Amino acid sequence: MASLVCGVLVLPGAFVSLYPAMLAMLFTRPDSGSNGEEWVANVVFYSLPALFALFSLIFGILAVRRSIRGTGVRRTGVAGLIAAAVAAAILLLPLFIGEFDAFS
């Protein structure tokens, strides 16, 4: 159950971390050029959703490995693993596209 809850909390975690990331972007971006600190806003933005996705993955693997086949615990663990996979795809999609900077 914890894996599914953590998997569902990925998107609200992104909304919660949006305003601190915008504040970090405000303080780390220069007026012109580059100062090498553009990564700070991305780390702040992706920190909470990535943490929830990692917990969902860990709890899902534990639930699947420790439960008996055909039980509700196993189904919930698999649902949590699917939620973690979707969250990882959402978080890693900008990296594969080449647009890693969420605030550019």
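Structure first, text after, so check above.
By convention here, each chain's residues receive numbers from 1 onward along its written sequence. With the structure being a predicted model, the display of local features is reserved for residues of pLDDT at least 70 and the display and counting of side-chain atom pairs for 80 or more, all residues being used for whole-chain, interface and lining totals. Each side-chain value is worked out from all heavy atoms of the structure, with water and hydrogens disregarded.

1. Description of the overall build of the chain
- Counting its secondary structure elements, the chain contains five helices and zero strands.
- Partly exposed residues are those whose accessible area sits between 20% and 50% of the maximum for their type, while under 20% is buried and over 50% is exposed, using a 1.4 Å probe and protein chains only. Buried positions account for 30% of the 104 residues belonging to the chain.
- Residue contacts follow a heavy-atom distance rule, with two residues in contact if any of their heavy atoms lie within 4.5 Å. Sequence separation of at least 24 residues holds for 72% of the intrachain contacts in the chain that already meet a minimum separation of 6. Counting from the N terminus, the helices are the DSSP runs of H or I reaching at least four residues and the strands are the DSSP runs of E reaching at least two.

2. Focus: the packing of aromatic side chains
- Two rings belonging to Phe, Tyr or Trp (six-membered ring only in the last case) form a pair when the distance between their centres is within 6.5 Å. Interplanar angles under 30 degrees mark stacking, angles over 60 mark edge-to-face geometry, and anything in between is tilted. One pass over the structure, following the stated rule, counts two aromatic pairs.
- On the numbers, 6.0 Å between centres and 25° between planes, the contact of F55 with F59 is stacked. Separated by four residues within a single helix, F55 and F59 lie in helix α4 (residues 39-66), roughly one turn from each other.

3. Description of helix α3 (residues 18-28)
- Restricting attention to buried positions, one finds in α3 the residues A21, A24 and T28. Within α3, the buried residues cover an arc of 60° as seen down the axis, which keeps them to one side. In α3, those exposed residues whose orientation departs by more than 90 degrees from the buried face are Y19, L26 and F27.
- Looking at the packing, one finds that the buried side of α3 touches α4. Each C-beta atom gives one direction from the helix axis, and the arc is the one those directions make.

4. Some thoughts on α4
- Multiplying 1.5 Å by the helix residue count minus one yields the expected span of that helix. Here α4 spans 39 Å end to end across 28 residues, near enough to the 40 Å set by a 1.5 Å rise per residue.
- Its axis deflected by about 40° at S47, α4 carries its strongest bend there, up to four residues before the proline P49.
- Taken as a whole, α4 has its buried residues at A41, N42, F45, Y46, P49, F52, A53, S56, G60, A63 and V64. Note that the bend at a residue is defined as the angle between axes fitted to the seven residues ending at it and the seven residues starting at it.

5. Focus on the side chain of S3
- Relative to the assigned elements, S3 resides in helix α1 (residues 2-8).
- Those residues within four positions of S3 in sequence are excluded, and the remaining contacts are S56, F59, G60, T76, G77 and G80.

6. Notes on the side chain of S56
- If you trace the backbone, S56 turns up in helix α4.
- Between N or O atoms, a polar contact is any pair within 3.5 Å; within protein, one atom must be a potential hydrogen donor and the other a potential acceptor, and residues adjacent in sequence are included only when both atoms are from side chains. Within polar-contact distance, the side chain of S56 engages the backbone oxygen of S3 at 2.8 Å.
- At a separation of 2.9 Å, a polar atom in the side chain of S56 contacts the main-chain carbonyl oxygen of G80.
- Setting aside its immediate chain neighbours within four residues, S56 contacts S3, C6, G7, G80 and A84.

7. A few points about a nonpolar patch on the surface
- Patch definition: residues above 30% relative accessible area lacking any salt bridge, with like charges linked at up to 9 Å and the nonpolar side chains Val, Leu, Ile, Met, Phe, Trp and Tyr linked at up to 5 Å. Exposure was quantified through the Shrake-Rupley algorithm and a 1.4 Å probe, taking into account, for residues, occlusion by the shown protein chains and nothing else. By convention in these notes, a salt bridge is any Lys or Arg side-chain nitrogen within 4 Å of a carboxyl oxygen on Asp or Glu. On the surface, L51, L54, F55, L57, I58, F59, I61 and L62 cluster together into a nonpolar patch covering about 630 Å² of accessible area.
- Overall, L51 belongs to the partly exposed group, its relative accessible area being 38%.

8. Re the packing of α3 against α4
- Across the interface, α3 lies against α4 with an axial gap of 8 Å and an inter-helix angle of 170°. Taken together, the axis directions place α3 and α4 in an arrangement best described as roughly antiparallel. In contact with L18, P20, A21, A24, M25 and T28 of α3, α4 contributes V40, A41, V44 and F45.
- Along the lines of polarity and charge, the residues of the contact of α3 with α4 split into nine nonpolar, one polar and no charged. With axes taken as lines fitted to C-alpha atoms, and helix axes fitted only over the stretch in contact, angles between N-to-C directions fall between 0 and 180 degrees. Working rule for angles: under 35 degrees goes down as roughly parallel, over 145 as roughly antiparallel, 65 to 115 as roughly perpendicular, anything else as oblique. Residues are grouped as follows: Ala, Val, Leu, Ile, Met, Phe, Trp, Tyr, Cys and Pro are nonpolar; Asp, Glu, Lys and Arg are charged; every other residue, Gly included, is polar.

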